[in-house]
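Each chain, written out:
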Amino acid sequence: MNPWLISIAIAYLLGSIPFGYLLIRIFKKQDIRTFGSGNIGATNVARSGAKGLGIATLLLDLGKAYTAVVIARHIAPGNYDLAVAAAIAAILGHCFPIWLGFHGGKGVASALGVFLALTWPSALGILAIFIIIVMLTRYVSLASVIAAATLPVFAFYFIPLRTPIVIAGFLGIPLLIIVKHHANIRRLLAGTESRFGSGKAAA
Ligand code: NKO
């Protein structure tokens, strides 16, 4: 079978596993999409009161995306374009999962996973920026948007390849994350975004 097809299919399917949704469904018998921001990501799972499940969601969403890229690299060693294509497919799976009517998460933890596998120094760079902004502002969404926006700066410094797929992945994934935060950005501008740990859940 074509290595591109199989890598992209595996990556999409792995990415589309909605861990936040599943953990809350299984352990709390609730639908996370009816709570807080309505997002299935780690932040909203933690916001719902399930701190441990929030951490589990972060690790599982990160891990599935990391694994998708590692599998692609095993299928076609040395083919960085194919690894980036698998990264894009994993993020699309997370953001648009077939199982939830294509209404998925915002891609933050998953993106950290794929970039750890593709260019770990860049991933550590955006993680540092993310942590600093959360500590300063307690807005996870603001930290996610700014970390996403700075990813291309790190990536184009650390990685040598400049093919169309690499450029599409390293610009397209951050762009998708920012677009997925459109409601958060509107709340940030209006001053109504909930701060992490405040107990307030913006709808
Ligand atoms: O519920 O809309 P919400 O307030 O939940 O959630 C907004 C939030 C959505 O994302 C998440 C995942 C949170 C993961 C938290 C820690 C992971 C460290 C992230 C490092 C930065 C990666 C940035 C992406 C780069 C392309 O935003």
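Looking at an unreviewed UniProt entry, one finds the chain named Glycerol-3-phosphate acyltransferase, with Granulicella arctica as its source organism. UniProt's Sequence similarities (unreviewed entry) comment on the chain is quoted here verbatim: "Belongs to the PlsY family."

Peer 1: What am I meant to see in helix α8 (residues 140-158) here?
Peer 2: Think of an α-helix as 3.6 residues a turn; residues three or four steps apart then line up on the same face. For α8, which comprises 19 residues, the first-to-last C-alpha distance of 26 Å matches the rise-based estimate of 27 Å (1.5 Å per residue) to within 8%. Along α8, the helix axis deviates most sharply at Thr 150, where the bend reaches about 30 degrees; the proline Pro 152 sits within four residues downstream. Residues of α8 that are buried: Val 140, Ser 141, Ala 143, Ser 144, Val 145, Ala 147, Ala 148, Leu 151, Pro 152 and Ala 155. Packing partners of the buried residues in α8 comprise α3 (42-47), α6 (108-118), α7 (120-137), α9 (164-180) and α10 (182-190).

Peer 1: Any chance you could explain the layout of surface pockets here in plain terms?
Peer 2: Empty space among the atoms can be located by rolling a probe the size of a water molecule over them. Space inside the largest pocket adds up to approximately 920 Å³. Along the wall of the largest pocket there are 41 residues; nearest its centre are Thr 43, Leu 58, Val 108, Phe 130 and Val 140. Of all the secondary structure elements, the ones that give two or more residues to the lining of the largest pocket are α3, α4 (51-75), α6, α7, α8 and α9. Residue composition of the lining of the largest pocket, grouped by class: 22 nonpolar, 14 polar and 5 charged. Volume-wise, the second largest pocket comes out at about 250 Å³. Taken together, 13 residues form the lining of the second largest pocket, with Ser 37, Asn 39, Gly 104, Lys 106 and Lys 180 sitting closest to its centre. Counting residues per element, the lining of the second largest pocket draws most heavily on α10, at 3 residues. A breakdown of the residues in the lining of the second largest pocket according to their chemical character gives 2 nonpolar, 7 polar and 4 charged.

Procedures and definitions
Residues numbered from 1 in each chain as written. Predicted model: local features only at pLDDT ≥ 70, side-chain atom pairs only at ≥ 80, totals over all residues. Heavy atoms only, no water. UniProt positions renumbered as here; feature names shortened; annotations may be inferred. Helix = DSSP H or I, 4+ residues; strand = E, 2+ residues; numbered from the N terminus. Expected span 1.5 Å × (residues − 1). Bend = angle between axes of the 7 residues up to and from the residue. Buried < 20%, exposed > 50% of the residue type's maximum accessible area, 1.4 Å probe, protein only. Contact = heavy atoms within 4.5 Å. 1 Å grid on protein atoms, 1.4 Å probe; cavity = no way out; pocket = protein on both sides within 12 Å on 5 of 7 lines; lining within 4 Å. Points joined across faces, edges and corners; volume = space filled by probe spheres on them. Nonpolar A, V, L, I, M, F, W, Y, C, P; charged D, E, K, R; others polar.

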